[in-house]
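# Fold and geometry: a report
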Amino acid sequence: MPAHALPHADLAPLAARFPADFTWGVATSAFQLEGGAREGGKGESVWDRFCRVPGAIADGSTGDVACDHLHRLDEDLGLIASLGVGAYRFSVSWPRVQPHGRGVWNEKGLAFYERLGDGLGARGIQPWLTLNHWDLPQVLQDDGGWAARDTVHRFVDYAQGIQRRLGDRLHAITTHNEPWVVAVLGHEKGIFAPGIRSRAIAAQVQHHLLLSHGLALQALRAAGSRARLGIVLNLSPSEPMTDCAADRVAARLADLHGLRGYLDPLFGRGYPAELLAELGADAPQVEPGDLQAIATPMDYLGVNYYMRHVASAGEPFDPAAQGLPVTDMGWEICPAALTRLLLRLHRDYPVPPLVITENGAAFRDALVDGRVHDADRIDYLRRHIAAAADARDQGVALAGYMVWSLMDNFEWASGYTKRFGIVHVDYATLRRTPKDSAHWLRAFLARHAAQSDAGERTRCAA
């Protein structure tokens, strides 16, 4: 039976595990989706430049066209609304609205996001805006990028400008998406933009990202923002491959760099002493008042979860070789680790309400006779939503869940070789085709809404 034809009774038990006010959404980012790389006064971003580095992108592609969202906004707004979601998470392209990262604003760029915000509002969908989903203006990178402290202040100015122009349309503002990716993949390993390989620079970039987050929250609140304010982290529980001492040490070190190195300072504990000792001369320069700014209270914490991290002191963990299920990215499918992660956050930190801001999977989808039968993605979503419900059942204040991604798009260094979308994109024609997973999500959200309405009527009758 096709996913969209599943009887509602099959969806009811899972839908019943979430309250009526739970936020359901889909997520995207500007560079992966918009295209229009040189249109309407947009400036160059670090990813525009990185895509021109020979060998940087798996298929040699760029984000110049991507999904052409810039020109297909109305179609895509209708597509989002058709799913029945209550929220849409998207990012602003900083170089589209402020081409030089400072000074003059680009009216055409701002007008696009005004149309987006208005279109979502007209359809009853909450706009969740991300300020930085990795596409820093290249002009700022030429002046040192996130390694330069001045970029912190340029980001705060940018946040204030977005608040002035778009703030009245927004339900939530995220400062940064996955600062670990920018710091480590972009500045330590060099496999993402801007392609730098220095652990010391990466550590300073991490600090400046966190500092700009805290200062931006303060500036947004001072400017009268009524949106919910937070940051989004990509988090994975780090677990040793075996019980041997060396693997346990490796897991603890990975936890320091990937989780505690972000959450400890965000929640007022500063950088872990163990982390600073391990970094040694590579530790970041921290000025007086920085840690207090970083710990500025948030209204929510976004969690992007895709897989657990299995640490080994020897050969890297290979889930496929262990016979474990994996996605087309080679990432292990482990919903139970999501529950463990959420419980850990609830136990170890004074977290505000949590929102799963990204969760999804790439599979080798194929469009056949106008349909994409992606049962593997439906199973993935169903099991991870159930894992989220398990965490809620154990006391975690989880307020929302968003699917990555709305549609197939430019998957960073993988180019167009990996498909995460619940909507298929034919890159030759740019035609959008909802996959079976989109039909499943629509049916699931309809069942949740129907049960919530029935529950409210029952309460009112009583």
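Another aspect to go through is the overall build of the protein. A count of helices and strands for the protein gives 16 helices and 12 strands. Over its C-alpha atoms the protein spans a radius of gyration of 21 Å, differing by no more than 12% from the 23 Å that the globule rule assigns to 462 residues. Reported as C-alpha extents along the three principal axes, the dimensions of the protein are approximately 60 × 60 × 50 Å. When burial is assessed residue by residue, the protein has 58% of its 462 residues classed as buried. Partitioning the contacts of the protein with sequence separation of at least 6, the portion at a separation of at least 24 is 78%.

The subject of this paragraph is the pairing of strand S2 (residues 87–91). Regular strands have side chains that alternate between both faces of the sheet. The buried fraction of S2 is high, at five of five residues. Summarising the sheet, strand S1 (residues 23–27) and S2 pair through three bridges and their orientation is parallel. Residue Ala-27 lies in a different strand from S2, and its bridge partner there is Arg-89. Here S2 runs beside strand S3 (residues 126–132); their pairing, made up of five bridges, is parallel. The residue bridging Phe-90 from the neighbouring strand is Leu-129, located in S3.

This model, assessed by the stated rule, comprises 28 aromatic pairs. Members of the aromatic cluster, each reached through a chain of ring pairs, are Phe-31, Trp-47, Phe-50, Trp-134, Phe-192, Phe-410, Trp-412, Tyr-416 and Tyr-427.

Right, let's get into the nonpolar core. Core analysis: the biggest nonpolar cluster contains 126 residues, and Val-26, Trp-47 and Tyr-88 have the highest contact counts within it. In terms of residues, this core owes the most to one element, helix H15 (residues 375–393), which gives eight residues. Non-local contacts of Trp-47, meaning those with residues more than four positions away in its chain, are made with Phe-31, Ile-57, Trp-134, Asp-135, Phe-192, Ala-193, Phe-410, Trp-412 and Ala-413. Residues Ala-87, Trp-128, Tyr-300 and Met-402 belong to the second largest nonpolar core, which totals six residues.

Mean pLDDT over the protein: 96, with 96% of residues reaching 70 or higher. Predicted confidence for residues 1–7 stays below pLDDT 50, and this span has 10 contacts to residues more than four positions away or in other chains.

Attention now moves to the packing of helix H10 (residues 199–222) against helix H11 (residues 245–266). H11 packs onto H10 with a crossing angle of 35° between their chain directions and a minimal axis gap of 11 Å. Where H10 crosses over H11, the two elements pack in a sense that is right-handed. Where H10 approaches H11, its residues Arg-199, Gln-206, Leu-210 and His-213 are matched on the opposing element by His-257, Gly-261, Tyr-262, Pro-265 and Leu-266. Split by residue class, the contact of H10 with H11 holds four nonpolar, four polar and one charged.

What the eight strands build is a closed barrel, ordered S1-S2-S3-S4-S5-S7-S9-S10; its pairing is parallel. Shown here is a sheet whose adjacent strand axes are inclined to one another by a mean of 25°, direction ignored. Across four bridges, the pairing between S3 and strand S4 (residues 172–177) is parallel. Residue pairing for S4: Leu-129 is matched across the bridge by Ile-173. Strands in contact with H11 are strand S5 (228–234) and strand S7 (300–304); relative to S5, the strand with the most contacts, it is inclined by about 160°.

A large share of strand S10 (residues 398–404) lies buried, amounting to six of its seven residues. Across five bridges, the pairing between S1 and S10 is parallel. For Thr-23, the partnering residue across the bridge sits in S10 and is Gly-400. Once you follow strand S9 (residues 354–358) into H15 and on to S10, the crossover reads as right-handed.

For the pair helix H8 (residues 149–166) and H10, the least separation of the axes is 9 Å and the interaxial angle reads 35°. For the element pair H8 and H10, the recorded crossing hand is right-handed. Seen from H8, the contacting residues are Arg-149, Val-152, Phe-155, Val-156, Ala-159, Gln-160 and Gln-163; seen from H10, they are His-208, Leu-211, Ser-212, Leu-215, Ala-216, Ala-219 and Leu-220. Among the residues making up the contact of H8 with H10, the classes are represented as nine nonpolar, four polar and one charged.

Scoring rules and cut-offs
Residues numbered from 1 in each chain as written. Predicted model: local features only at pLDDT ≥ 70, side-chain atom pairs only at ≥ 80, totals over all residues. Heavy atoms only, no water. Helix = DSSP H or I, 4+ residues; strand = E, 2+ residues; numbered from the N terminus. Rg over C-alpha atoms; globule rule 2.2 N^0.38 Å. Buried < 20%, exposed > 50% of the residue type's maximum accessible area, 1.4 Å probe, protein only. Contact = heavy atoms within 4.5 Å. Pairing = 2+ DSSP bridges. Phe/Tyr/Trp six-rings, centres within 6.5 Å; stacked < 30°, edge-to-face > 60°. Core = buried A, V, L, I, M, F, W, Y, C linked by side-chain atoms within 4.5 Å. pLDDT = per-residue confidence, 0-100. Axes fitted to C-alpha atoms, helices over the stretch in contact; angles between N-to-C directions. Left-handed = near helix turned anticlockwise from the far one by under 90°. Nonpolar A, V, L, I, M, F, W, Y, C, P; charged D, E, K, R; others polar. Right-handed = clockwise from strand over helix to strand, strands pointing away.

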